[in-house]
Amino acid sequence: MPHYVVVQLIVKDAEAFAAYRAKGGAALAKHGGQPIAGGPEIEVLEDTGAGPSTCLIVAFPDAEAARAWINDPELAEVHAMRRDGARTTILLLPPIG
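Just so it is clear, the structure is predicted and the values come from calculations on it, not from any experiment.

Engineer: Explain the pattern of salt bridges to me, please; I cannot follow it from the model alone.
Structural biologist: For side chains of opposite charge, pairing can occur when their charged atoms come near one another. A complete count under the given rule lists 2 salt bridges for this structure. The closest approach of N and O atoms between Asp72 and Lys30, which form a salt bridge, is 2.7 Å. Placement of the pair is Asp72 in the loop between helix 2 (63–71) and helix 3 (76–85) and Lys30 in helix 1 (residues 14–30), with a sequence separation of 42 residues. Taking the relative accessible area as the measure of exposure, Asp72 reaches 8% and is therefore buried. The salt bridge partner of Lys30 is Glu74, with a shortest N-O separation of 2.7 Å. In this pair, Lys30 is assigned in helix 1 and Glu74 in the loop between helix 2 and helix 3, connecting sequence segments 44 residues apart. We classify Lys30 as partly exposed; its relative accessible area is 41%.

Right under this line is the structure:
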């Protein structure tokens, strides 16, 4: 059953984050991840002090695929690039129902 990952980012180094973006899509695809919504042009409907961010929603075939993506040792360098370029919160959301 599909599971969804929400990636919330606050870019801290635009150049480093651009380097991550060049490799991030392939890293997601390796484990069946498909971005379905988000990006830098999001519309903030409410902000109670969390501050500006970018958000991405990624669909994975199941929870195991999402965990395999984040824990893949072959992708450690790519994940480090993301952390170098942005502060992140990554959430795994189960389907409702």
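So much for the structure itself; the text now carries on.
Engineer: I'm lost on the nonpolar core in this one. Help?
Structural biologist: Here is a general trend for soluble globular proteins: nonpolar side chains tend to be buried in one another's company. Of all hydrophobic cores here, the largest spans 16 residues; its most connected members are Val5, Phe60 and Trp69. Elements with a minimum of two residues in this core: strand 1 (3–11), helix 1, strand 3 (54–60), helix 2 and helix 3. The dominant element in this core, judged by the number of residues it contributes, is helix 1, at 4 residues. Beyond its immediate stretch of four places on either side in the chain, Trp69 contacts Val5, Ala27, Leu28, His31, Phe60, Leu75, His79, Arg82 and Ile90.

Engineer: Can you walk me through the side chain of Thr54 in this structure?
Structural biologist: With respect to the element layout, Thr54 can be found in strand 3. The class of Thr54 is buried, set by a relative accessible area of 18%. Sequence-distant contacts of Thr54, defined by excluding residues within four places in its chain, comprise Val7, Gln8, Leu9, Gly39, Pro40 and Ile42.

Engineer: Can you walk me through the side chain of Asp72 in this structure?
Structural biologist: Here Lys30 takes part through its side chain, which lies 2.7 Å from a polar atom of the side chain of Asp72. For Asp72, the residues in contact, after removing those within four places along its chain, are Lys30 and His31.

What counts and how
Residues numbered from 1 in each chain as written. Predicted model: local features only at pLDDT ≥ 70, side-chain atom pairs only at ≥ 80, totals over all residues. Heavy atoms only, no water. Salt bridge = Lys/Arg side-chain N within 4 Å of Asp/Glu carboxyl O. Helix = DSSP H or I, 4+ residues; strand = E, 2+ residues; numbered from the N terminus. Buried < 20%, exposed > 50% of the residue type's maximum accessible area, 1.4 Å probe, protein only. Core = buried A, V, L, I, M, F, W, Y, C linked by side-chain atoms within 4.5 Å. Contact = heavy atoms within 4.5 Å. Polar contact = N/O pair within 3.5 Å; in protein donor to acceptor, adjacent residues only side chain to side chain.

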